[in-house]
Amino acid sequence: MKTFEEFNTRFQNISPFGFYACIDNEGNWFDSAYSFTTAVHWCCCYFGKFSLSTEEELIWMDGMGKENGLAIVHSSVLEKMYYAGLVK
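Cut-offs applied
Residues numbered from 1 in each chain as written. Predicted model: local features only at pLDDT ≥ 70, side-chain atom pairs only at ≥ 80, totals over all residues. Heavy atoms only, no water. Axes fitted to C-alpha atoms, helices over the stretch in contact; angles between N-to-C directions. Helix = DSSP H or I, 4+ residues; strand = E, 2+ residues; numbered from the N terminus. Parallel < 35°, antiparallel > 145°, perpendicular 65-115°, else oblique. Left-handed = near helix turned anticlockwise from the far one by under 90°. Contact = heavy atoms within 4.5 Å. Nonpolar A, V, L, I, M, F, W, Y, C, P; charged D, E, K, R; others polar. Salt bridge = Lys/Arg side-chain N within 4 Å of Asp/Glu carboxyl O. Buried < 20%, exposed > 50% of the residue type's maximum accessible area, 1.4 Å probe, protein only. Phe/Tyr/Trp six-rings, centres within 6.5 Å; stacked < 30°, edge-to-face > 60°.

1. Quick word on the packing of helix α2 (residues 36–46) against helix α3 (residues 54–67)
Packing of α2 against α3 brings their axes to within 9 Å, and their N-to-C directions diverge by 70°. On the basis of the axis angle, α2 is roughly perpendicular to α3. When you trace α2 past α3, the crossing you get is left-handed. Between α2, through Phe36, Thr37, Val40, His41, Cys43 and Cys44, and α3, the contact on the second element is made entirely by Thr54, Glu57, Leu58, Trp60 and Met61. Looking at the contact of α2 with α3 residue by residue, the class counts come to 7 nonpolar, 3 polar and 1 charged.

What follows is the structure, given as structure tokens:
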């Protein structure tokens, strides 16, 4: 198994506050953002929801996003999930 640093080619944690990772229902890490609301936006885009307001995106994520198995996790948790075999 690769180390998390080797695995993490998608988003480099250059912020002291970390980042948010978008995970699909298969455990695939498909996008990231420094802010939670931007991560929600990328989850919406992943499902073709491109023209929602921020409020509509949050509502979509709370309903359809959850139903479709999407998750947003902070980078501090992402590494633990990777070593537990929960993230690809």
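2. Observations regarding the pattern of salt bridges
Summed over the entire model, instances satisfying the criterion amount to 1 salt bridge. In this structure, Asp62 and Lys66 form a salt bridge, with 2.8 Å as the shortest nitrogen-oxygen distance. Taken together, the residues span about one helical turn, with Asp62 and Lys66 both in helix α3 at a distance of 4 residues. By relative accessible area, which is 55% here, Lys66 ends up exposed.

3. Observations regarding the packing of aromatic side chains
The description of two aromatic rings rests on the distance between their centres and on the angle between their planes. Scanning the model with the defined rule gives 10 aromatic pairs in all. Residues Tyr20 and Phe36 carry aromatic rings whose centres are separated by 5.8 Å and whose planes lie at 80° to one another, so their mutual orientation is edge-to-face. Of this pair, Tyr20 sits in strand β1 (residues 20–23) while Phe36 sits in helix α2, placing them 16 residues apart in sequence. For Tyr20, a relative accessible area of 24% puts it in the partly exposed group. With centroids separated by 3.7 Å and ring planes inclined at 15°, the aromatic side chains of Phe30 and Tyr46 adopt a geometry described as stacked. Of this pair, Phe30 sits in strand β2 (residues 29–33) while Tyr46 sits in helix α2, and the two are 16 residues apart along the sequence. Among the residues examined, Phe30 registers a relative accessible area of 13% and is labelled buried. Site record: aromatic cluster; members linked through ring pairs are Phe4, Phe7, Phe19, Trp29, Tyr82 and Tyr83.

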